[in-house]
Amino acid sequence: MNHLSTNKISRSKEILFHGYFIFMFVMAYQFFKERLYADSSYYIFNTIDSGFFVTPHQRIVLAISEIVPLFFFYLGASLKLILVAWSLGHVLFYYAVFLVAFYKFRNEGAALAIILLNVIGQTWLYFSPMLEICYGAALLIIFKILLDENKLTRWRWFWMIILEIFILTSHPENFVIFFFVIGYDMLKNGFRKNPHMWLLLVFITTMIFKTQTFSEYEGSKINFMTDTHQNHLYENLWNKSYLSDLWSLFRIHYFDLLLLFIFTLVFLIRRKKMMRFIFFVGVIAGVIILVNATNFARDYSRYNESLYYPLVSIIAIAFSFEVYLAVTNKWKSVLLAVCIIIAGFRISEIRNNGNYLSLRVQQIEGLIRSAHEINHGKCIVNIENAERERWFLNWSCPIESILLSSMNTPDSTVSLIPNEEFNAIDTGVQLTENKAIIRRWEIRDNEDVLPFFGFRKENYFPLNSVDSIATPEIFLGKINLVFNSDKPGVFIDRLFFSLSLTNSSGMSLTSMPVETCYLKTICERAGNRIESDIPLDIDLRSNYNQTVTCPAIGGSGAIEVTTKLIWKGVELASASRRFDMK
């Protein structure tokens, strides 16, 4: 059996594994605001608002992520504590699965697989602490342990069927990873009527059920994918330029996964397990072909990271169960060291993305403060001002702003909506001062929410405007710029600088049009110079903190940064700062 006896769990590995989860708990607390990004905010808002589990598309595994925040909700906890619990609960789920695998089943390989699933391919997914495709993959680890041990008691049968249903209903792509585990087990141990026949029967039954009960969202995606009159993405499979970009995506963003993939291939070849080798490679190739025949997936994005997560699941499971558990203790130490390096690198990448999203949260909180200053709780932000080359103020922005603003008191609730979303709201519902926008498809009465949230009786107010009358002379000498920090933020290939803007004129400095109202940022390093024009996020009434950005400049040494506020062709203020880049 590929499991550890009680006396073989080394103290050092226990400390290492538990230390990893302690660190992840700390990080989840640090980034609990950032983990309200996109779908995450939608699910936690509706979980709080309904006081019950929210599981659309029959994805019942989502309920697991909602247990901890609902527990605190019914304890009468504050909104902030519930949102912290939402973030921590994600780590608690993985930790619970780890404890079961490591202590109940004594399976070190399974414990390692859980950690790999928790970090590889999680640069964006980490900030959606409810993603059902990830939860389904983690539960598959426990299912595989039960399958490998082949102790088919009544209770084990019960848990295997329950786990199978949770896994298969978690996400359509998880049918593939479940099929991989069953198929691989058949090749390794031969076909066994019990359990293979019954598990495949549940597999087929669940697949039929899913195809007959697709939600409108799932149905539209499947219809597009299978309709060759609409979908021509499969043509990318023989497009050299596209395939070159796809290889670059894997080489740059999934090099650690490629490394584990190679380890597994070499192991199977050396052990002369050619049927398993062919099956393993075939399933991996099948996933890549399926994803790229139905999606434009050569770029690194949150959505594409989700599409490729089954590859993470398959390779992590194959490596941990097939390779790691089968090698000698000496090689175990080597492979564990490699995995530690991978986990450290991935955590660093997650933190870098978290720091980037922190700037986005700071921007939203700055917009909220500005709304409070002008005594408004429903505001429209011009997307061209507030997003260009920096953030994603997407469909979830109203929900995120509602949650972030309401953590203090219900009276501080602010609904911020980008103008593009505002212009696309459901026209079947008349928007009045008694209604608030939760998202463009969901418009609610002001009072039709829990006491955590308090919407003002008012219409939506634009935070960006145009002034064709005022002249620059009114603001000369009355605008001040100051750099807020001694070190710029860095994300991928861009630098980010925080500025404090002050307007003491008594008049509002308008932010539109963006071509004439902007912050010119000049970065200089070792003789290289790059200029970037960043619009004002919103009208500058009194005080506002804004982040400006420019492409990173190669070379060594300090960076000289100058930012100028240009308004109607006139420089109203400027600030310069030298940043040491160590």
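Cut-offs and rules
Positions within a chain are numbered from 1, following the residues in the order the chain's sequence is written. Thresholds applied to this predicted model are a pLDDT of at least 70 for local features of residues and 80 or more for the giving and counting of side-chain atom pairs; totals over whole chains, interfaces and linings are not thresholded and use all residues. Water and hydrogen atoms play no part in the side-chain values, which are based on all heavy atoms of the structure. By definition, a salt bridge exists where a carboxyl oxygen of Asp or Glu is found within 4 Å of a side-chain nitrogen of Lys or Arg. Think of it this way: any DSSP run of H or I at least four residues long counts as a helix, any run of E at least two long counts as a strand, and we number them from the N terminus. Burial status follows relative accessibility: with a 1.4 Å probe on protein chains alone, a residue under 20% of its type maximum counts as buried, one over 50% as exposed, and anything between as partly exposed. Note that a disulfide, as used here, is simply two cysteine sulfur atoms within 2.5 Å. We call a set of buried Ala, Val, Leu, Ile, Met, Phe, Trp, Tyr and Cys residues a nonpolar core when their side-chain atoms join them within 4.5 Å. Residue contacts are counted whenever heavy atoms from the two residues lie within 4.5 Å of one another. DSSP-based pairing: two strands are paired if at least 2 bridges between them are found. Note on method: axes are straight lines fitted to C-alpha atoms, helices fitted across the in-contact stretch only, with angles between N-to-C directions ranging 0 to 180 degrees. Reported orientations rely on four angle classes, namely roughly parallel under 35 degrees, roughly antiparallel over 145, roughly perpendicular from 65 to 115, and oblique for the rest. Residues qualify for a patch when their relative accessible area is over 30% and they have no salt bridge, like charges being joined within 9 Å and the nonpolar side chains of Val, Leu, Ile, Met, Phe, Trp and Tyr within 5 Å. The Shrake-Rupley method, run with a 1.4 Å probe, gives the accessible areas here. Residue values count only the displayed protein chains as cover. By definition here, a helix of n residues has an expected span of 1.5 Å times n minus one.

K.L.:
Explain the pattern of salt bridges to me, please; I cannot follow it from the model alone.
P.N.:
A side chain with one charge may pair with a side chain of the opposite charge, provided their charged atoms come close. Within this structure, the stated rule accounts for 26 salt bridges. Among the salt bridges present, the one from arginine 59 reaches glutamate 132, with a minimum N-O distance of 2.6 Å. Placement of arginine 59 in the loop between helix H2 (39-50) and helix H3 (62-74) and of glutamate 132 in helix H6 (residues 132-149) is noted, with a sequence separation of 73 residues between them. Judged on exposure class, the residue arginine 59 and its partner glutamate 132 are both buried. For lysine 144, the salt bridge is made with aspartate 148, and the minimal N-O distance between the two is 3.2 Å. Of the two residues, lysine 144 and aspartate 148 are both situated in helix H6; the distance of 4 residues between them amounts to about one turn of the helix. For aspartate 148, a relative accessible area of 24% gives the class partly exposed. Among the charged side chains, a salt-bridge network with shared partners connects Asp49, Arg439, Glu442, Arg444 and Asp448.

K.L.:
Is there a simple way to think about unusual backbone geometry in this case?
P.N.:
When glycine is set aside, most residues are seen to have a negative phi, and most peptide bonds are trans. Here the bond from asparagine 194 into proline 195 is cis, since omega is 20°, no more than 30 degrees from zero. For proline 195, the location among the structural elements is in helix H9 (residues 193-212). With an omega dihedral of -5°, the bond running from methionine 512 to proline 513 counts as a cis peptide bond. With respect to the helices and strands, proline 513 occurs in the loop between strand S8 (494-503) and strand S9 (517-525). Despite not being glycine, alanine 526 shows a phi value in the positive range, around 50°. Mapped onto the elements of the fold, alanine 526 is located in the loop between S9 and strand S10 (528-535). Assessed through its relative accessible area of 64%, alanine 526 is described here as exposed. Unusually for a residue other than glycine, lysine 568 sits at a positive phi of about 55°.

K.L.:
Would you take a moment to explain the state of the cysteines for this structure?
P.N.:
When the sulfur atoms of two cysteines share a covalent bond, that bond is a disulfide. Across all of its chains, the model carries 1 disulfide by this definition. Across the disulfide, cysteine 523 is cross-linked to cysteine 550 (sulfur-sulfur distance 2.4 Å). Judged by the sign of its S-S torsion, about -100°, the bond between cysteine 523 and cysteine 550 is left-handed. Remark: cysteine 550 occurs in strand S11 (residues 543-551) and cysteine 523 occurs in strand S9; sequence separation between them is 27 residues. In terms of burial, cysteine 523 and cysteine 550 fall into one category: buried. In this model cysteine 134 remains outside any disulfide bridge; the closest cysteine sulfur is found in cysteine 339, 18 Å from its own.

K.L.:
Can you walk me through the nonpolar core in this structure?
P.N.:
As a rule of thumb, soluble globular proteins bury nonpolar side chains together. Counting residues in hydrophobic clusters, the biggest one holds 187 residues, and the most contacted among them are Phe143, Phe280 and Leu416. Among the elements that take part in this core, helix H16 (residues 329-373) stands out by supplying 16 residues, more than any other. Ignoring any residue separated from it by four or fewer positions in sequence, one finds leucine 416 in contact with Ile364, Leu367, Ile368, Cys379, Val381, Cys397, Pro398, Ser401 and Leu463.

K.L.:
Which parts of the structure should I look at to understand the pairing of strand S3 (residues 435-439)?
P.N.:
On a regular strand, each side chain points to the face opposite its neighbour's, so the side chains alternate between the two faces of the sheet. Among the 5 residues in S3, 5 count as buried, and that is most of the element. With antiparallel pairing between neighbouring strands as the criterion, S3 and strand S4 (residues 442-445) make up a hairpin whose turn holds 2 residues.

K.L.:
What am I meant to see in the packing of helix H5 (residues 108-119) against H6 here?
P.N.:
Geometry of a packed helix pair, given as the angle between the helix axes and the separation of the axes. Here H5 crosses H6 at 170°, and the two axes come no closer than 10 Å. It follows from the interaxial angle that H5 and H6 lie roughly antiparallel. Facing Ala110, Ala113, Ile114 and Leu117 of H5, the residues of H6 in contact are Ala137, Ala138, Ile141 and Ile145.

K.L.:
How do you make sense of the sheet that holds strand S5 (residues 461-462) when you look at a structure like this?
P.N.:
Two orientations exist for strands paired in a sheet by backbone hydrogen bonds: parallel and antiparallel. Read across the sheet, 3 strands follow the order S2-S1-S5 without closing on themselves; strand pairing throughout is parallel. One side of each edge strand has no neighbouring strand; the edge strands of this open sheet are strand S2 (415-418) and S5. In this sheet, S2 lies alongside strand S1 (residues 378-381) in parallel orientation, the contact comprising 4 bridges. By the bridge assignment, valine 381 is partnered in S2 with proline 418.

K.L.:
Got a minute to help me understand a nonpolar patch on the surface in this structure?
P.N.:
On the surface, Phe191, Met197, Trp198 and Leu201 cluster together to form a nonpolar patch covering roughly 410 Å² of accessible area. Along the polypeptide, phenylalanine 191 turns up in the loop between helix H8 (174-189) and H9.

K.L.:
How do you make sense of the sheet that holds strand S12 (residues 559-567) when you look at a structure like this?
P.N.:
Read across the sheet, 4 strands follow the order S10-S9-S12-S13 without closing on themselves; strand pairing throughout is antiparallel. The sheet terminates laterally at S10 and strand S13 (570-579), the two strands that pair on one side only. When strand polarity is set aside, the average angle formed by the axes of neighbouring strands in this sheet is 15°. As judged from the 8 bridges shared by S9 and S12, these two strands associate in the antiparallel manner. Counterpart to glutamate 524 in the pairing with S12 is glutamate 560.

K.L.:
What am I meant to see in the environment of glutamate 173 here?
P.N.:
Structurally, the position occupied by glutamate 173 is in the loop between helix H7 (154-170) and H8. The exposure class assigned to glutamate 173 is buried, which follows from its relative accessible area of 12%. A sequence separation of 114 residues divides glutamate 173 from valine 287, and the C-alpha atoms of the two residues are 8.7 Å apart. Other than its neighbours up to four places away in sequence, glutamate 173 contacts Ile133, Val291, Ser306, Leu307 and Pro310.

K.L.:
Honestly, helix H12 (residues 255-270) in this entry has me stumped. Any pointers?
P.N.:
Structurally, the α-helix is built with 3.6 residues per turn, so residues lying three or four positions apart point the same way. Between its first and last C-alpha, H12 extends 22 Å over 16 residues, near the 22 Å set by a 1.5 Å rise per residue. Every buried residue belonging to H12 is among Asp256, Leu257, Leu260, Phe261, Thr264, Leu265, Phe267 and Leu268, and all of these are buried. Lining the buried residues of H12 we find H5, H8, helix H11 (240-253), helix H13 (274-294), helix H15 (309-324) and H16. Immediately downstream of H12, the backbone of lysine 272 shows phi near 55°, a positive value.

K.L.:
Teacher, can you tell me more about the pairing of S4 here?
P.N.:
Bridge analysis of S3 against S4 gives 4 bridges, and the strand direction is antiparallel. Opposite lysine 435, over in S4, you have aspartate 445 as the bridge partner.

K.L.:
Please explain the side chain of histidine 376 as it appears in this structure.
P.N.:
Among the secondary structure elements, histidine 376 is positioned in the loop between H16 and S1. On the basis of relative accessibility, which here comes to 18%, the residue histidine 376 falls in the buried class. Look past the residues within four positions of histidine 376 in its chain and what remains in contact with it is Ala371, Val414, Arg456, Glu458 and Phe461.

K.L.:
Even after reading the chapter, I still don't get H13, so can you show me in this structure?
P.N.:
Compared with the 30 Å implied by 1.5 Å per residue over 21 residues, the 30 Å span of H13 between its first and last C-alpha is a close match. If you check which residues of H13 are buried, you get Arg276, Phe277, Phe279, Phe280, Val283, Ile284, Val287, Val291, Asn292, Ala293 and Thr294.

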